[in-house]
Amino acid sequence: MKEFQLTELMKILDNFYFLIHENYGIKETTIGLRAYPSVVFKNYQTGIEVHIIGADLGCECDDYNVYIMKSKWFSTKFIGINEQMGYSHSICGDKLFLCLSSEYIQQHLMPVIRGEQWPKK
């Protein structure tokens, strides 16, 4: 189980390493016994966080959910990457899903990642 957790954690870090170049640091890493690992990246200048959340092993949902969040005093802005892409783990597999999520953010949401703008609803 330890090797599985470390392998999955490395997949996340490999695919989302571009965030390090955008002044994001790793705020939190969670490794559970019966779940995929989770990583939260945060840009402390803009307050924007990118959450890669692992699901419980064996559940019928996607293995990972990816969110971009920005919290202010009494509000939280939220972008669900899974919903925006229209892909699910069952269609493309976990390694490919992480890669597609990363590519989607890099191609379509870099102004959000840099704190330049937030998409209009």
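Predicted model only: the values in this text are computed from it and were never measured. (Residues numbered from 1 in each chain as written. Predicted model: local features only at pLDDT ≥ 70, side-chain atom pairs only at ≥ 80, totals over all residues. Heavy atoms only, no water.)

Undergrad: Would you mind going over the overall build of the protein chain with me for this structure?
TA: The number of helices and strands found in the protein chain is 6 helices and 5 strands. Helices and strands appear in the protein chain in the N-to-C order α-α-β-β-β-β-β-α-α-α-α. Within the protein chain, buried positions represent 44% of all 121 residues. For the protein chain, contacts bridging at least 24 residues in sequence account for 44% of all contacts bridging at least 6. For the protein chain, the exposed surface amounts to about 7,300 Å²; the carbon and sulfur share of it is 53%. (Helix = DSSP H or I, 4+ residues; strand = E, 2+ residues; numbered from the N terminus. Buried < 20%, exposed > 50% of the residue type's maximum accessible area, 1.4 Å probe, protein only. Contact = heavy atoms within 4.5 Å. Areas by Shrake-Rupley, 256 points an atom, 1.4 Å probe, with all protein chains shown as cover.)

Undergrad: Looking at this model, I keep getting lost on the packing of aromatic side chains. Mind explaining?
TA: Aromatic rings in a pair are described by how distant their centres are and how their planes are angled relative to each other. Inspection of every chain in the model, using the stated rule, returns 4 aromatic pairs. Ring pairs connect the aromatic residues Phe-4, Tyr-36 and Tyr-64, which therefore count as one cluster. (Phe/Tyr/Trp six-rings, centres within 6.5 Å; stacked < 30°, edge-to-face > 60°.)

Undergrad: What exactly am I supposed to notice about unusual backbone geometry here?
TA: A negative phi angle is the norm for most residues apart from glycine, just as the trans form is the norm for most peptide bonds. In the Ramachandran plot, Asn-23 falls in the positive-phi region, its phi being about 70 degrees despite a non-glycine side chain. Mapping Asn-23 onto the fold places it in the loop between α2 (18-21) and β1 (25-30).

Undergrad: Explain the sheet that holds strand β2 (residues 38-42) to me, please; I cannot follow it from the model alone.
TA: Strand pairs in the sheet, formed through backbone hydrogen bonds, run parallel or antiparallel to each other. If you walk across this open sheet you meet the 5 strands as β1-β2-β3-β4-β5, and the pairing is antiparallel. A strand with exactly one partner marks an edge of an open sheet, and here the two such strands are β1 and β5 (76-80). Ignoring which end each strand starts from, the neighbouring axes of this sheet average 20 degrees apart. Here β1 pairs with β2 via 5 bridges, running antiparallel. Opposite Glu-28, over in β2, you have Val-40 as the bridge partner. (Pairing = 2+ DSSP bridges. Axes fitted to C-alpha atoms, helices over the stretch in contact; angles between N-to-C directions.)

Undergrad: Would you mind showing me how to read the nonpolar core here?
TA: For soluble globular proteins, the rule of thumb is that nonpolar side chains tend to be buried together. Phe-16, Ile-52, Ile-68, Ile-81 and Ile-105 are the most contacted members of the largest nonpolar core, which totals 27 residues. For this core, the secondary-structure elements that each account for two or more residues are α1 (2-15), α2, β2, β3 (48-54), β4 (64-71), α3 (81-85), α5 (94-108) and α6 (110-113). Ranked by residue count, the leading element in this core is α5, at 4 residues. Sequence-distant contacts of Ile-68, defined by excluding residues within four places in its chain, comprise Ile-48, Glu-49, Val-50, Lys-77, Phe-78, Ile-79, Ile-81, Ile-105, Leu-109, Val-112, Ile-113 and Trp-118. (Core = buried A, V, L, I, M, F, W, Y, C linked by side-chain atoms within 4.5 Å.)

Undergrad: Explanation requested: the pattern of salt bridges in the structure shown.
TA: Note that side chains of opposite charge can pair when their charged atoms are close. The final tally for this structure, using the stated rule, is 4 salt bridges. In this structure, the salt-bridge partner of Glu-8 is Lys-11, at a minimum N-O distance of 2.8 Å. Linking Glu-8 with Lys-11, this pair stays in helix α1, spanning 3 residues, or about one helical turn. Here Glu-8 matches Lys-11 in class, with each residue buried. Between Glu-49 and Lys-27 there is a salt bridge, with the nearest N and O atoms lying 2.8 Å from each other. Taken as a pair, Glu-49 in strand β3 and Lys-27 in strand β1 lie far apart in primary sequence, 22 residues in all. Within the structure, one salt-bridge network assembled from shared partners comprises Lys-27, Lys-42 and Glu-49. (Salt bridge = Lys/Arg side-chain N within 4 Å of Asp/Glu carboxyl O.)

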